[in-house]
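# Coordinates in review
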Amino acid sequence: MKQKILFVCLGNICRSPAADGIMHDLVAKAGAEGRIYIDSAGTYAGHTGELPDPRMRAAAARRGYNFTHRARQIRESDFYDFDRIIVMDDYNYESVHRLAPSREYSNKIYRMCEFFTTFAERWSHVPDPYYEGAEGFELVLDMLEEGCRNLLADLEQ
Ligand code: 4NP
């Protein structure tokens, strides 16, 4: 059976679609598409249907990624459909936790920083780059590349 992973942030236009795109790339390179399914969502519905933020797409394109996800809001049924729901920060964690159908389902919620190695020393969340400069997007991509590599290793062990 496929392992199903849902990445979640606030708007689903910066951090979680980037994690989604990076993970798609890693899974494809590992030939693991038959074993791992990936999607992303936001806790806030205001950007529904939008492509990722142009600044994120530009930063990602410089690293060879093409992010094509269309934003959607997380829904209660995601707790039934996914095995792991991976949030970017504590604010996302609280919002997603409130949506969990029961305590048992809240065990599916993980924080992205749980998969950090070098970034774990200084960071316990993935910072929101929406109101930051270009360097914010580079930092987020660096963090997500490390986190997704470690997440894939965890899923494949
Ligand atoms: P994201 O970034 O949660 O990483 O997608 C944001 C996108 C939009 C907003 C905030 C954060 N917003 O306030 O519209």
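All of these numbers come straight from a predicted model, not from anything done at the bench.

Rules used throughout
- Residues numbered from 1 in each chain as written.
- Predicted model: local features only at pLDDT ≥ 70, side-chain atom pairs only at ≥ 80, totals over all residues.
- Heavy atoms only, no water.
- Axes fitted to C-alpha atoms, helices over the stretch in contact; angles between N-to-C directions.
- Helix = DSSP H or I, 4+ residues; strand = E, 2+ residues; numbered from the N terminus.
- Parallel < 35°, antiparallel > 145°, perpendicular 65-115°, else oblique.
- Left-handed = near helix turned anticlockwise from the far one by under 90°.
- Contact = heavy atoms within 4.5 Å.
- Nonpolar A, V, L, I, M, F, W, Y, C, P; charged D, E, K, R; others polar.
- Phe/Tyr/Trp six-rings, centres within 6.5 Å; stacked < 30°, edge-to-face > 60°.
- Lys NZ or Arg CZ within 6 Å of the ring centre and 35° of its normal.
- Buried < 20%, exposed > 50% of the residue type's maximum accessible area, 1.4 Å probe, protein only.
- Pairing = 2+ DSSP bridges.
- Right-handed = clockwise from strand over helix to strand, strands pointing away.
- Near = heavy atom within 4 Å.
- Polar contact = N/O pair within 3.5 Å; in protein donor to acceptor, adjacent residues only side chain to side chain.

## Side note on the packing of helix α1 (residues 15-29) against helix α6 (residues 134-156)
It is at 9 Å that the axes of α1 and α6 come closest, and there the two elements cross at 50 degrees. When the interaxial angle is binned, α1 and α6 end up oblique. Considering how the two elements wind past one another, α1 and α6 form a crossing that is right-handed. In this structure, α1 contributes Arg15, Ala18, Ala19, Ile22, Met23, Leu26 and Val27 to the contact, and α6 contributes Val140, Leu141, Leu144, Glu145, Cys148, Arg149, Leu151, Leu152 and Leu155. Looking at the contact of α1 with α6 residue by residue, the classes come out as 13 nonpolar, no polar and 3 charged.

## A few points about the packing of aromatic side chains
With the rule as written, the count across this model stands at 6 aromatic pairs. Of note, Arg55 hangs over the ring of Tyr130, and the distance from its end group to the ring centre comes to 5.5 Å. Sitting over the face of the ring of Tyr93, Arg111 holds its NZ or CZ atom 3.9 Å from the ring centroid.

## So, the pairing of strand β2 (residues 36-42)
One face of the sheet, then the other: side chains in a regular strand alternate in exactly this way. With respect to burial, β2 is a largely interior element, 6 of its 7 residues being buried. Note: strand β1 (residues 3-9) against β2, 7 bridges, orientation parallel. Each bridged residue has a counterpart across the sheet, and for Lys4 the counterpart in β2 is Tyr37. Remark: the β1/α1/β2 crossover connection has right-handed handedness.

## What about the site of the ligand?
Around the ligand, the structure places Cys9, Leu10, Gly11, Asn12, Ile13, Cys14, Arg15, Tyr44, His47, Asp128, Tyr130 and Tyr131. Here an oxygen atom of the ligand sits 2.8 Å away from a polar atom, N or O, in the main chain of Gly11. For the ligand, an oxygen atom lies 2.8 Å from a polar atom in the side chain of Arg15. Residues that form the shell around the ligand fall into these classes: 7 nonpolar, 3 polar and 2 charged.

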